[in-house]
Amino acid sequence: MARGECDKGPRIQASLRAVGQESRTPPYAGVEGPVVGVMRTIAIASGKGGVGKTNIAVNLALSLSQRGKRVLLLDADLGLANVDIVLGLTCRKTLHDVVAGKERLADVVVNINERFQVLPASSGVLEMERLAPEQRMSLAQELRSLAAPYDVLLIDTAAGMTENVMFFTRMADDVLLVATPEPTAITDTYAMIKVLRTRHDVQSIALLVNQVVTAAQGAEVHQTLNRVLQQFFGIQLTYAGYLFRDGALQHAVRERRPVVTSRPQALVSSSFRTLAAHFDQLFRSPPRTLDADFWSALSRENLTPIDRAPLSQPPPS
Ligand SMILES: Nc1ncnc2c1ncn2[C@@H]1O[C@H](COP(=O)(O)OP(=O)(O)OP(=O)(O)O)[C@@H](O)[C@H]1O
Ligand SMILES: [Mg+2]
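As the structure is a prediction and not an experimental result, all values here were calculated from the model. (Residues numbered from 1 in each chain as written. Chains lettered and ligands numbered in written order. Predicted model: local features only at pLDDT ≥ 70, side-chain atom pairs only at ≥ 80, totals over all residues.)

(A) Layout of the overall build of the protein. Each helix and strand in the protein was counted, giving 14 helices and ten strands. Looking at the protein residue by residue over its 317 residues, the buried ones come to 47%. (Helix = DSSP H or I, 4+ residues; strand = E, 2+ residues; numbered from the N terminus. Buried ≥ 20, exposed ≤ 12 C-beta atoms within 10 Å, placed from the backbone.)

(B) The arrangement of the confidence of the model for the protein in detail. Per-residue pLDDT for the protein averages 85, and the proportion of residues at 70 or more is 79%. Segment residues 18–37 is flagged for pLDDT under 50; beyond a separation of four residues in sequence, or across chains, it makes 43 contacts in the model. Taken together, the stretch residues 305–314 has pLDDT below 50 and engages in twelve contacts with residues farther than four places along the chain or on a different chain. (pLDDT = per-residue confidence, 0-100. Contact = placed C-beta atoms within 7 Å.)

(C) Structural view of the site of ligand 1. Near ligand 1, the surroundings consist of 20 residues, among which Gly49, Gly52, Lys53, Thr54 and Ala159 are the closest. Partitioned by chemical class, the residues of the shell around ligand 1 number six nonpolar, ten polar and four charged. (Near = placed C-beta within 6 Å. Nonpolar A, V, L, I, M, F, W, Y, C, P; charged D, E, K, R; others polar.)

(D) Expanded view of the environment of Phe116. Relative to the elements of secondary structure, Phe116 occurs in strand E6 (residues 116–119). The exposure class of Phe116 is buried, given the 28 C-beta atoms found within 10 Å. In sequence terms Phe116 and Ser63 are 53 residues apart; their C-alpha atoms lie 9.8 Å from each other. In contact with Phe116, not counting residues within four places along its chain, are Ala61, Leu62, Ser65 and Val71.

(E) Representation of the nonpolar core in the model. With 90 residues, the main nonpolar core has Ile44, Ala61, Leu73, Leu154 and Leu177 as its most contacted residues. The element best represented in this core is helix H2 (residues 53–66), accounting for seven residues. (Core = buried A, V, L, I, M, F, W, Y, C linked by C-beta atoms within 7 Å.)

(F) Broad picture of unusual backbone geometry. Unusually for a residue other than glycine, Gln211 sits at a positive phi of about 65°. If you trace the backbone, Gln211 turns up in strand E9 (residues 205–212).

(G) The packing of H2 against helix H12 (residues 267–277), seen in detail. Look at H2 against H12: their axes get within 9 Å of each other, and the N-to-C directions meet at 60°. By the criterion of interaxial angle, the relationship of H2 to H12 is oblique. Helix-helix and strand crossings are classified by hand; for H2 and H12 the assignment is right-handed. On H12, the residues touching Asn59, Leu60, Ser63 and Leu64 of H2 are Phe272, Arg273, Leu275 and Ala276. Residues belonging to the contact of H2 with H12 are distributed by class as follows: five nonpolar, two polar and one charged. (Axes fitted to C-alpha atoms, helices over the stretch in contact; angles between N-to-C directions. Parallel < 35°, antiparallel > 145°, perpendicular 65-115°, else oblique. Left-handed = near helix turned anticlockwise from the far one by under 90°.)

(H) Region of interest: the environment of Val268. Within the secondary structure layout, Val268 lies in helix H12. On a C-alpha basis, the gap between Val268 and Arg245 in space is 7.0 Å, while along the polypeptide they are 23 residues apart.

(I) Broad picture of the sheet that holds strand E8 (residues 174–179). Strand order in the open sheet made by the eight strands is E5-E6-E3-E7-E2-E8-E9-E10, with mixed pairing throughout. The two strands at the open ends of the sheet, each matched to only one other strand, are strand E5 (110–113) and strand E10 (238–244). For this sheet, the mean angle separating the axes of adjacent strands, direction not counted, is 25°. Where helix H7 (residues 163–171) meets the sheet, its contacts fall on strand E2 (40–45), strand E3 (71–76), strand E7 (152–157) and E8, and the angle it forms with E2 comes to roughly 145°. (Pairing = 2+ DSSP bridges.)

(J) Structural view of the pairing of E3. When you tally the buried positions in E3, you get six out of six residues, the bulk of the element. On E3, burial covers both faces: Val71, Leu73 and Asp75 on one face and Leu72, Leu74 and Ala76 on the other are all buried. Strand direction decides the pairing type here: E3 and E6, joined by four bridges, are parallel. Paired with Leu72 across the bridge in E6 is Gln117. Where E3 and E7 come together, six bridges link them in parallel fashion. Along E7, the bridge assignment pairs Leu74 with Ile155.

(K) Main features of H2. Look at H2: 20 Å from first C-alpha to last across 14 residues, which is about the 20 Å you get at 1.5 Å a residue. Gly68 sits one or two residues past H2 and shows a positive phi near 100°. (Expected span 1.5 Å × (residues − 1).)

(L) Broad picture of the environment of His278. By the element assignment, His278 lies in the loop between H12 and helix H13 (279–282). Linking His278 and Gly241, residues 37 residues apart in sequence, is a C-alpha distance of 9.5 Å.

(M) Looking closely at the pairing of E8. Of all six residues in E8, six are buried, a share of seventy percent or more. The two faces of E8 match: Asp174, Leu176 and Val178 on one face and Val175, Leu177 and Ala179 on the other face are all buried. As paired elements, E2 and E8 share four bridges and run parallel to each other. Bridging from a neighbouring strand, Ile44 pairs with Leu176 of E8. Where E8 lies against E9, five bridges are found, and the strand directions are parallel. Across the sheet, residue Leu176 finds its bridge partner in E9, namely Ala206.

(N) Quick peek at helix H6 (residues 133–147). The first and last C-alpha atoms of H6 sit 21 Å apart over 15 residues, in line with the 21 Å expected at 1.5 Å per residue. Taken as a whole, H6 has its buried residues at Arg136, Leu139, Leu143, Leu146 and Ala147. All buried residues of H6 lie within an arc of 95° about the axis, which places them on one face of the element. Where the residues of H6 are buried, they touch E3, helix H4 (95–99), E7 and H7. (Arc of directions from axis to C-beta.)

This is the structure we're talking about:
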């Protein structure tokens, strides 16, 4: 059993053994010491909900760990957790216990394989959706120190532009913004980028187009958004690529097993491996140094949710 006391179903155990042997003690969790600044934090976010963030977070984390990276995944959908579902975990300790002061962050870490650990959240706990600014700050600071020995901290955020989402997105070095080819998802992605750039000064945003049927469809979504963003905001949107729509992923979700380990031959699994292979090229800028000034600016920042951003221009079509 891993440190965070989660049960893994028999299927997930078999499937995860394909990635790496489970070790009893997470090798990187709970390490004390200064933040050395080599770890890169990526927030996975989207304008529209249900576009695939959680599956991307889990399968990207597994694919990165298969390539030798040490990955910590935070389920920042704090009140409606899903990472545990996709991984087939049943957790007794969650981030809710940390916020309630019952556990330290290091005590809820779950070992998925020797290079991949998870911080699971709670489900149906309303107060987690609306953390007080000081609760968020204390969680984030403990998280930074816990994650320091990892190569990558992935943050799976909730749907929409809530205060929690803005906070974790703002805290990350880079945002991996997920869209799909649906017009509603494209419009919401545009609105999200506008808010992130103009209200929260988030600079590094890469677009990942999920559920495409052809590679050209992904490039088209990127071009459409890039054209409008360049024209009205002078923003050049990085393209992180695409993931195929694949029934194998839906089957995997129903079985509560990650698709890259349960169905490594599936088209979408090879898309995840490609994304992981390009990870270092994609996120190249030096990770930000989060010094005392950064934290005090973040604590003062107004993260109040806003109504759907009024689009100054018609949404891209
Ligand atoms: N590449 C894909 N191919 C097929 N189906 C997909 C793919 N990606 C996502 N889905 C479908 O979309 C569903 C929602 O995915 P997921 O829970 O990862 O989205 P999310 O963005 O995290 O949602 P939320 O905003 O509610 O947190 C999956 O259960 C699956 O049915
Ligand atoms: Mg999700």
